[in-house]
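Chain and residue survey
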Amino acid sequence: MEEGGGDPLGLLCPVGRPEKLALYRGGKTRVEESSRAIAGCFGGGQKRDWQCPHVCVLRVRPKILMADSEALPSLAGDPVAVEALLRAVFGVVVDEAIQKGTSVSQKCHYSIQKGAAFLGLGTDSVRVVKADERGKMVPEDLERQIGMAEAEGAVPFLVSATSGTTVLGAFDPLEAIADVCQRHGLWLHVDAAWGGSVLLSQTHRHLLDGIQRADSVAWNPHKLLAAGLQCSALLLQDTSNLLKRCHGSQASYLFQQDKFYDVALDTGDKVVQCGRRVDCLKLWLMWKAQGDQGLERRIDQAFVLARYLVEEMKKREGFELVMEPEFVNVCFWFVPPSLRGKQESPDYHERLSKVAPVLKERMVKEGSMMIGYQPHGTRGNFFRVVVANSALTCADMDFLLNELERLGQDL
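Conventions adopted
Residues numbered from 1 in each chain as written. Predicted model: local features only at pLDDT ≥ 70, side-chain atom pairs only at ≥ 80, totals over all residues. Heavy atoms only, no water. Helix = DSSP H or I, 4+ residues; strand = E, 2+ residues; numbered from the N terminus. Buried < 20%, exposed > 50% of the residue type's maximum accessible area, 1.4 Å probe, protein only. Contact = heavy atoms within 4.5 Å. Areas by Shrake-Rupley, 256 points an atom, 1.4 Å probe, with all protein chains shown as cover. Patch = residues over 30% accessible without salt bridge, like charges linked within 9 Å, V, L, I, M, F, W, Y side chains within 5 Å. Salt bridge = Lys/Arg side-chain N within 4 Å of Asp/Glu carboxyl O. Pairing = 2+ DSSP bridges. Axes fitted to C-alpha atoms, helices over the stretch in contact; angles between N-to-C directions. Parallel < 35°, antiparallel > 145°, perpendicular 65-115°, else oblique. Nonpolar A, V, L, I, M, F, W, Y, C, P; charged D, E, K, R; others polar. Phe/Tyr/Trp six-rings, centres within 6.5 Å; stacked < 30°, edge-to-face > 60°. Left-handed = near helix turned anticlockwise from the far one by under 90°. Expected span 1.5 Å × (residues − 1). Arc of directions from axis to C-beta.

1. Brief notes about the overall build of the protein
- Helices and strands together make up the secondary structure of the protein, namely 10 helices and 13 strands.
- Considering the protein as a whole, with its 411 residues, one finds that 42% of them fall into the buried category.
- Within the protein, contacts between residues separated by at least 24 positions form 64% of all contacts whose residues are at least 6 apart in sequence.
- Approximately 22,400 Å² of the protein is accessible, and the part contributed by carbon and sulfur atoms is 54%.

Laid out in structure tokens, this is it:
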């Protein structure tokens, strides 16, 4: 870390064993004073292999004091006092740090909150934006949430939109969201892990209108394109080698700069985990084998089969759609004979919610098929058929419906 100006905060970072805890600091604040006390509790001959938490406060770049600097006060190994002090320090950090904000929709992937936790921002820094009845982010509420965050002294910096939500398969209105981000100078990230492959279809790519305005896009070809697991891509507008600037540590024992070939080919320093498989090769080989038209046919066929399944459901008694799908996520309830025509009963929804788990158990034990189910908001358990396998046929869709009828005929 380099020296920086401003009002620095303390930073604790474990270096090997707890008794060799490094204290990074650059000024005297309540955080530093607390940090010194915590560090001291692991000094003074303390030999227990306790795990020390990272306390990462991204406000300044403080000067480093190495682990072999002067001894700090000790709490005599009192674990109760240590825990109490840790809790107090985290409270101080929240109070004194600049609180950054991230906005996501109600139907976003859970990885957004996990990412905030991993980065040290904390899950409380993620603000949930309202979604409409189809699961799409409401841009007007995004604007409102940004205003509220700024009024509270927070500093919003990123909006995470979704193209293809996990359950309903919703596509956020990216053009309108990009307009909001542009007005406020926010980074727009699009989670297109599930729906990004739709761009390969000339017929359906309109669902992602506005994605060209995103600063970053996550895309998983191993999902809808059925590339070998795992195959994920992070696409960036930035052309300044951003990942290298953020993650690169220039470890000379791994990434020598005087090799006889172009060292730009050494991409390991760009990523968090360093060593990894050549996942992009799976996509390249598949694309070379199938071509643009072959991959487009895969996408279009999935939409055709999803529409066939929906239309067949409408012809049969006992199948109730959660909503008309716009993607290949077909969400529905199977209403067994004992519940048909009883929608007005006070316990109808409670009883209907119990049907999917029973049918899932039966189909798994029979070995006939597997369909996921879940509750969603105020809706009770319903089935979600994701038509993503390019080898499926209309006959498979017919079997699915017939099998549900057979398994649930006595319910």
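2. As for a nonpolar patch on the surface
- Together, Val278, Leu281, Trp284 and Leu285 make up an exposed nonpolar region whose accessible area comes to about 420 Å².
- Among the secondary structure elements, Trp284 is positioned in helix α7 (residues 280-315).

3. Re the sheet that holds strand β13 (residues 379-386)
- With respect to topology, 4 strands assemble into an open sheet ordered β10-β11-β13-β12, the strand pairing being antiparallel. The sheet terminates laterally at β10 (319-321) and β12 (372-376), the two strands that pair on one side only. In this sheet, neighbouring strand axes are inclined to one another by 45° on average, regardless of whether the strands run parallel or antiparallel.
- Relative to β13, β12 runs antiparallel, the two being bridged by 4 bridges. Note on β13: the bridge partner recorded for His376 is Arg379.
- Those strands touched by α7 are β10, β11 (329-334) and β13, and its axis lies near 20° from that of β11.

4. Focus on the packing of helix α9 (residues 355-366) against helix α10 (residues 394-407)
- Direction vectors running N to C along α9 and α10 enclose 110°, while the axes themselves pass 10 Å from each other. The angle between the axes of α9 and α10 places the two elements in the roughly perpendicular class. Residues Leu359, Arg362, Met363 and Glu366 of α9 touch α10, and the partners they reach there are Glu403, Leu404, Arg406 and Leu407.
- Along the lines of polarity and charge, the residues of the contact of α9 with α10 split into 4 nonpolar, no polar and 4 charged.

5. Remarks on the packing of aromatic side chains
- Applying the stated criterion across every chain yields a total of 8 aromatic pairs.
- Here Phe171 and Phe327 contribute two aromatic rings whose centre-to-centre distance is 5.1 Å and whose plane-to-plane angle is 75°, an arrangement assigned as edge-to-face. In this pair, Phe171 sits in the loop between β6 (155-162) and α5 (174-184) while Phe327 sits in the loop between β10 and β11, placing the two residues 156 residues apart along the sequence. Across the pair, Phe327 and Phe171 agree in class, each one buried.
- Aromatic pair Phe332 and Phe383: ring centres 5.7 Å apart, planes at 35°, arrangement tilted. A residue pair is termed long-range when its members are at least 10 positions apart, and Phe332 in strand β11 and Phe383 in strand β13 qualify at 51 residues. Across this residue pair, the class does not change: Phe332 and Phe383 are buried.

6. Looking at the packing of α7 against α10
- The geometry of α7 relative to α10 is characterised by a closest axis approach of 10 Å and an angle of 40° between their N-to-C directions. α7 and α10 meet at a crossing whose hand is right-handed. Residue-level inspection shows Leu305, Tyr308, Leu309, Glu312 and Met313 of α7 in contact with α10, the latter providing Cys394, Met397, Asp398, Leu400 and Leu401.
- The class makeup of the residues in the contact of α7 with α10 is 8 nonpolar, no polar and 2 charged.

7. Some words on unusual backbone geometry
- The peptide bond linking Leu229 to Gln230 adopts the cis configuration, its omega dihedral lying at 5°.
- One non-glycine residue, Ala226, adopts positive backbone phi at about 65°.
- As for its position among the elements, Ala226 is in the loop between β8 (216-219) and β9 (233-236).
- Residue class for Ala226 comes out partly exposed when judged on its relative accessible area of 48%.
- For Asn241, which is not glycine, the phi dihedral falls at a positive 60°.
- Taking relative accessible area as the criterion, Asn241 reaches 37% and is therefore assigned partly exposed.

8. Thoughts on α9
- The terminal C-alpha atoms of α9, which comprises 12 residues, lie 17 Å apart, in line with the 16 Å expected from a rise of 1.5 Å per residue.
- Listed in full, the buried residues belonging to α9 are Val355, Ala356, Leu359, Lys360 and Met363. Projected onto a plane normal to the axis of α9, the buried residues spread over an arc of 125° and lie on a single side.
- Elements that come into contact with the buried residues of α9 comprise β11, α8 (348-353), β12, β13 and α10.
- In the segment just after α9, Gly367 is the residue with positive phi, at about 75°.

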